[in-house]
Amino acid sequence: MLVLTLNFFAYLIWFLASFLKAKRTFTVYNVSVLWITIIAFMGVYSVVNGQYGNIYWSNGIFYVKPYLYCFVSFFILLLPFRKWNSKIEIDQLSLLNEKKIFWLFRILLIIYSSLALVEVIGLLRALSSGRSLGELYMAYHEEGSSILGYTNIESKIIWLFNPLHDVFYWFVVVVSLLHLSKKKTHKLLCWWLIILTFAIDIILYMTRAARGEFLYLALKIVLVIIVLRPYLSKTIRKSILKYSFYFIAFFAIYTIAVSISRFDESSSTEGAQGSI
């Protein structure tokens, strides 16, 4: 237990030092450290409240070496972001041909809309099958996407369009937010593309009855917003904050529903609250 506690305080000191050095502002570097610090704290918490021992066999002994290796590895991996506290030089985006960009965006809007529609149909099929969220989780992990009953055309749309969604994922988000901060043209197109970019992933997570992937998506969005923040207008920042509350509320309700279905309705000793 002492090892876990010292491990947590090592990360906490690291975070506080990096946070103060950045003049009490969040950066990609210290937010990444904060993420690991929270995980280290939850390690201590899960052992103290007995949840860890209920799920995993444990003799209560934690060795120093693995935690030391892990700390050193994270420290080295995050070094490239250490001095990434000032404005990033991304003004080169102004060199992009705006006319061509928005032709590309119109094409992507059709592609993303088609992909989202197919995924919504798959989600509706899964929900209408009578399975609970817990059963849906198990079925997807055991049988894969076959439980969604995609037709040949739907499967081809996913096969063709999903790689394009992955390739242009952050390009669409970054360019749209920067454009919205500077100009008032193509506002609807930009917002729809941003929403569809995230919606495609969210629909897929719901189909899998997944929870952790929502959390990772939120972390990625936070890191990107931190990088873009100096370039975003006050109006865009307020919009992002407003939509963030909607996302958090949805995520909280969804997580509780999935946890109850996956754990309280099963023979698991973990329980919904413990699993969260």
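Because the structure is predicted, anything quoted here is derived from the model rather than measured.

Rules behind the numbers
Residues numbered from 1 in each chain as written. Predicted model: local features only at pLDDT ≥ 70, side-chain atom pairs only at ≥ 80, totals over all residues. Heavy atoms only, no water. Helix = DSSP H or I, 4+ residues; strand = E, 2+ residues; numbered from the N terminus. Contact = heavy atoms within 4.5 Å. Core = buried A, V, L, I, M, F, W, Y, C linked by side-chain atoms within 4.5 Å. Buried < 20%, exposed > 50% of the residue type's maximum accessible area, 1.4 Å probe, protein only. pLDDT = per-residue confidence, 0-100. Salt bridge = Lys/Arg side-chain N within 4 Å of Asp/Glu carboxyl O.

A.B. asks: Before we go on, may I ask you to explain the environment of F81 in this structure?
C.D. replies: Here F81 lies in the loop between helix 4 (64–77) and helix 5 (98–128). Each C-alpha atom of the pair F81 and S32 lies 9.3 Å from the other, and the pair is 49 residues apart in sequence. Ignoring anything within four residues of it in the chain, the contact list for F81 reads V28 and Y29.

A.B. asks: Whenever I open this one, the nonpolar core confuses me. Can you help?
C.D. replies: Across soluble globular proteins, nonpolar side chains have a tendency to be buried as a group. Among the nonpolar cores identified, the biggest contains 40 residues, and F105, Y112 and L177 are the most heavily contacted of them. Only helix 5, helix 8 (169–182), helix 9 (187–208), helix 10 (212–228) and helix 11 (234–264) provide two or more residues apiece to this core. With ten residues, helix 9 is the largest single contributor of residues to this core. Those residues in contact with F105 that lie beyond four places of it in its chain are F171, V172, V175, S176, L189 and L193. Residues F8, F15, F19 and V33 belong to the second largest nonpolar core, which totals 14 residues.

A.B. asks: Is there a simple way to explain the environment of V28 in this structure?
C.D. replies: Assignment of secondary structure puts V28 in helix 2 (residues 28–48). Accessibility expressed as a relative area gives 8% for V28, which makes it buried. Taking the C-alpha atoms as reference, V28 lies 8.5 Å from R82; in sequence the two are 54 residues apart.

A.B. asks: Can you help me understand the confidence of the model for the chain in this one?
C.D. replies: Any segment with low pLDDT has predicted coordinates that should not be analysed in fine detail. Taken over all residues, the pLDDT of the chain has a mean of 83, while the share at 70 or more is 81%. Per-element confidence in the chain is highest for helix 4, whose mean pLDDT is 94, and lowest for helix 12 (residues 272–275), whose mean pLDDT is 61.

A.B. asks: Would you mind going over the pattern of salt bridges with me for this structure?
C.D. replies: Under the definition given, this model contains one salt bridge. With its nearest N and O atoms 3.1 Å apart, the salt bridge here joins R125 to E154. Placement of the pair is R125 in helix 5 and E154 in helix 7 (residues 152–167), with a sequence separation of 29 residues. For E154, a relative accessible area of 11% gives the class buried.

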